[in-house]
Amino acid sequence: MEVPLTAWEQSLDVQLLRCGVERHCLNDPWTRYPGAVIGQAAGGRVTMQLEGRVPVYVPPHGGYAVPSNALQRSRNDPGTSTVYHWSHMRFTVLGAVDLFQVVEIPLVLPRKTGEEIGAVVVQQVALLQSSEPHSLAAIAQRRELNFRTLRLLLRHARLKESAAALLSGHARIQPALDYMQAHLAERVTRGQLARSVFLSESRFHDTFRRATGHAPLHYLQMLRLRSAQELLLASDASIAEVGQRSGFADQFHFSRLFKAACGQSPRAYRLAARRWNAK
């Protein structure tokens, strides 16, 4: 029997960016990460806070799910530490729509879900540390674990009323989003983007803003900053090279925009991540 593929099934993608298991005593500054932060706080009292919201308590062994690029911070009680099973992941529909824009997922997840997320992270870390982390078998297993994480999150998710309109709007501008991603390090004009979807510049600007909530070139800047975050976390490229590869020719301009968006300079952002991984 042939199974028809829906738009969800054809376009749903999950990517693991980073993961780890570490013990920390946290008193983190406000920061952003390029992917959603999915994990488990395995013991110890932890509070998490998103920008504009009150801090929330994560119960021992409970889970948490922080949307991509949300301004956030985490804290332990003074003098205590917690084992964190954490991963940075990207969940997308139609190539560019973040799943957290389509569904409501609680910041704090119950203990049972947290323990299952923690077990998945342990398996992901073991795969990445195996002798053949990039074999086809390892890649297939990682993708299976990625989608298992998604299933765990969707246990507690609620589809947003705006989901259908959001997906429809993004489908109309998908060629422009693909063009942005393919030419991230190059000069891109609004005219080029408008031509990719066969619209006049003014019509394209209005259509794009309705679909994303952002002007086209501002959205492009957000993609470039996200690329810079990923390079700072995953590569040893210099700050200037990270800026250039992400589409920022002027290092000073790049550093100023990055600090405004992420709360830290590119150098401080990278050092903070390395201190985390070294603990």
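Up top is the structure these notes are about.
No experiment lies behind these values; they were computed from the predicted model shown.

A.B. asks: How do you make sense of the pattern of salt bridges when you look at a structure like this?
C.D. replies: Opposite charge on two side chains permits them to pair, given that their charged atoms come into close proximity. The final tally for this structure, using the stated rule, is 9 salt bridges. Salt-bridge contacts for Arg90 lead to Glu230; the nearest nitrogen and oxygen are separated by 2.0 Å. Placement of the pair is Arg90 in strand E7 (residues 82–93) and Glu230 in helix H8 (residues 216–234), with a sequence separation of 140 residues. The class for Arg90 is buried, based on a relative accessible area of 9%. A relative accessible area of 25% places Glu230 in the partly exposed class.

A.B. asks: Help me out: how do you make sense of the packing of aromatic side chains in this one?
C.D. replies: Here a ring pair, both rings aromatic, is described through the centre-centre distance and the interplanar angle of the planes. According to the stated counting rule, one finds 7 aromatic pairs in the structure shown. With a centroid separation of 5.3 Å and an interplanar angle of 80 degrees, the aromatic rings of Phe208 and Tyr219 are classed as edge-to-face. Remark: Tyr219 occurs in helix H8 and Phe208 occurs in helix H7 (residues 201–212); sequence separation between them is 11 residues. In textbook terms, an aromatic cluster arises when at least three aromatic residues are bridged by ring pairs, as seen for Tyr33, Phe248, Phe254, Phe258 and Tyr269.

A.B. asks: Sorry, what's going on with the sheet that holds strand E4 (residues 56–58) here?
C.D. replies: The strands that make up a sheet are held in pairs by hydrogen bonds between backbone atoms, and each pair lies either parallel or antiparallel. Spatially, the 3 strands line up as an open sheet ordered E4-E3-E6, and their pairing is antiparallel. Across the chains shown, the open sheet's two edge strands, defined by having one partner strand only, are E4 and strand E6 (72–76). Strand-to-strand twist of the sheet, defined as the mean angle between neighbouring strand axes without regard to direction, takes the value 30 degrees. Alignment of strand E3 (residues 46–50) against E4, held across 3 bridges, turns out to be antiparallel. Residue pairing in the sheet places Met48 in a bridge with Val56 of E4.

A.B. asks: Hey, could you run me through the environment of Arg256 in this one?
C.D. replies: Among the secondary structure elements, Arg256 is positioned in helix H10 (residues 251–262). What makes Arg256 partly exposed here is its relative accessible area of 47%. Arg256 sits 10 residues away from Pro266 along the chain, and the two C-alpha atoms are 9.1 Å apart.

A.B. asks: How should the packing of helix H5 (residues 163–182) against H8 be read in this particular structure?
C.D. replies: Geometrically, a packed helix pair is captured by the angle between its two axes and the distance between the axes. At a closest axis distance of 11 Å, the pairing of H5 and H8 adopts a crossing angle of 50 degrees. Relative to H8, the element H5 lies oblique. Crossing of H5 over H8 shows right-handed handedness. Between H5, through His170, Leu177, Met180 and Gln181, and H8, the contact on the second element is made entirely by Pro216, Tyr219, Leu220, Leu223 and Arg226. For the contact of H5 with H8, a count of residues per class yields 6 nonpolar, 2 polar and 1 charged.

A.B. asks: Sorry if this is basic, but what is going on with the environment of His134 here?
C.D. replies: Considering the arrangement of structural elements, one finds His134 in the loop between helix H3 (111–128) and helix H4 (136–154). On the basis of relative accessible area, His134 is assigned to the exposed category, the value being 64%. Setting aside its immediate chain neighbours within four residues, His134 contacts Ile139 and Arg142.

Rules used throughout
- Residues numbered from 1 in each chain as written.
- Predicted model: local features only at pLDDT ≥ 70, side-chain atom pairs only at ≥ 80, totals over all residues.
- Heavy atoms only, no water.
- Salt bridge = Lys/Arg side-chain N within 4 Å of Asp/Glu carboxyl O.
- Helix = DSSP H or I, 4+ residues; strand = E, 2+ residues; numbered from the N terminus.
- Buried < 20%, exposed > 50% of the residue type's maximum accessible area, 1.4 Å probe, protein only.
- Phe/Tyr/Trp six-rings, centres within 6.5 Å; stacked < 30°, edge-to-face > 60°.
- Pairing = 2+ DSSP bridges.
- Axes fitted to C-alpha atoms, helices over the stretch in contact; angles between N-to-C directions.
- Parallel < 35°, antiparallel > 145°, perpendicular 65-115°, else oblique.
- Left-handed = near helix turned anticlockwise from the far one by under 90°.
- Contact = heavy atoms within 4.5 Å.
- Nonpolar A, V, L, I, M, F, W, Y, C, P; charged D, E, K, R; others polar.

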